[in-house]
Amino acid sequence: MTMRRVTPLLGLVALLAFAPAALAGSNNVAATRALASATNTLVVAATPEVPRGLAAAEHYASGLVAQCPKVAVGSPQNHDSEQLDNELIGAMTTVGYRVAAAHIAVFAHAVGGLRWSNSRLTNAVHRFARKLLGLSKLATPNVCGDIQTWVASGFQMVPASTVAFDKTYLSTTPEAEEVPLIVQLATPYASPSEIPVLKRVERLEEKLGEAEAAAVESYSRVIIALELKQ
């Protein structure tokens, strides 16, 4: 084979080798742009719902106080009471998140098909969206009924429904480090204007944290009224 024929062949090989990397880079940028857009939509839509979610959680707490006061009178403080306490916390949380369920579903759908060459980023985004969606769709447990079942057993066994709810609730609750990790992994593919947008979820989480802190008073009122030890 002559040198004249070899040179174009080497050029073609180099082009084919470069193409997947260039395509991956382009896909990473496009996926990050879509993530930033979905994030902005979620934050804009969900932020005004935070006070409504808090009000819904507080209304739910008031309902429990009226429904089964002193239901756990004489109960021990042990692992069973902790599980029922977790159920109460989870119930109040899911009631609050359900207010923004439609907005969360839009976000989860928008990012569900996004892919990056960095599998850690892909998995982190999908996991976060999946957890948010699960939390907003989780059915509210029958807290009063489950405590009554526990009492009827002589405080020997919490119902299976409590165990199942707690497991699902804990598995769908986003961890504090999840959003910062997503921002960190997505930053190399983001434009300077997209990075602050991606970080807006952190500010939304701060507002949710403030709402959860405000709900502590209602939660404490339920614990005292039901006489459930923490």
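Please refer to the structure higher up on the page.
Residues numbered from 1 in each chain as written. Predicted model: local features only at pLDDT ≥ 70, side-chain atom pairs only at ≥ 80, totals over all residues. Heavy atoms only, no water.

Participant: Help me understand empty space enclosed by the protein in this model?
Facilitator: In this approach the atoms are scanned with a rolling probe the size of a water molecule, which exposes any empty space left behind. Counted according to the given criterion, the structure contains 1 cavity of 30 Å³ or more. Residue lining of the largest cavity: Leu35, Thr39, Phe107, Val125, Phe128, Val179, Ile182, Val183, Leu198 and Val201, and that is the complete set. Only helix H1 (3-46), helix H5 (119-137) and helix H8 (178-186) provide two or more residues apiece to the lining of the largest cavity. The leading source of residues in the lining of the largest cavity is H8, at 3 residues. A class-by-class count of the residues in the lining of the largest cavity yields 9 nonpolar, 1 polar and no charged. (1 Å grid on protein atoms, 1.4 Å probe; cavity = no way out; pocket = protein on both sides within 12 Å on 5 of 7 lines; lining within 4 Å. Points joined across faces, edges and corners; volume = space filled by probe spheres on them. Helix = DSSP H or I, 4+ residues; strand = E, 2+ residues; numbered from the N terminus. Nonpolar A, V, L, I, M, F, W, Y, C, P; charged D, E, K, R; others polar.)

Participant: Got a minute to help me understand the nonpolar core in this structure?
Facilitator: Across soluble globular proteins, you tend to see nonpolar side chains buried next to one another. Ranked by size, the top nonpolar core spans 62 residues in total, and within it Leu35, Met92, Phe107, Val111, Trp116, Leu121 and Ile147 carry the most contacts. In this structure Trp116 touches Asn28, Ala31, Thr32, Leu35, Leu121, Thr122, Val125 and Tyr189, once residues within four positions along its chain are discounted. (Core = buried A, V, L, I, M, F, W, Y, C linked by side-chain atoms within 4.5 Å. Buried < 20%, exposed > 50% of the residue type's maximum accessible area, 1.4 Å probe, protein only. Contact = heavy atoms within 4.5 Å.)

Participant: How should the packing of aromatic side chains be read in this particular structure?
Facilitator: Working definition: an aromatic ring pair is given by the centre-to-centre distance plus the angle between the planes. Following the criterion strictly, the structure yields 3 aromatic pairs and no others. With centroids separated by 5.0 Å and ring planes inclined at 70 degrees, the aromatic side chains of Trp150 and Phe155 adopt a geometry described as edge-to-face. Look at Trp150 and you get buried, because its relative accessible area is 0%. Considering the side-chain rings of Phe165 and Tyr169, the 6.1 Å spacing of their centres and the 0 degrees angle between planes classify their relative orientation as stacked. With Phe165 and Tyr169 both in helix H7 (residues 160-172) and 4 residues apart, the pair spans about one turn of that helix. Judged by its relative accessible area of 6%, Phe165 is buried. A residue is classified by how much of its surface remains accessible, and Tyr169, at 10% relative accessible area, is buried. (Phe/Tyr/Trp six-rings, centres within 6.5 Å; stacked < 30°, edge-to-face > 60°.)

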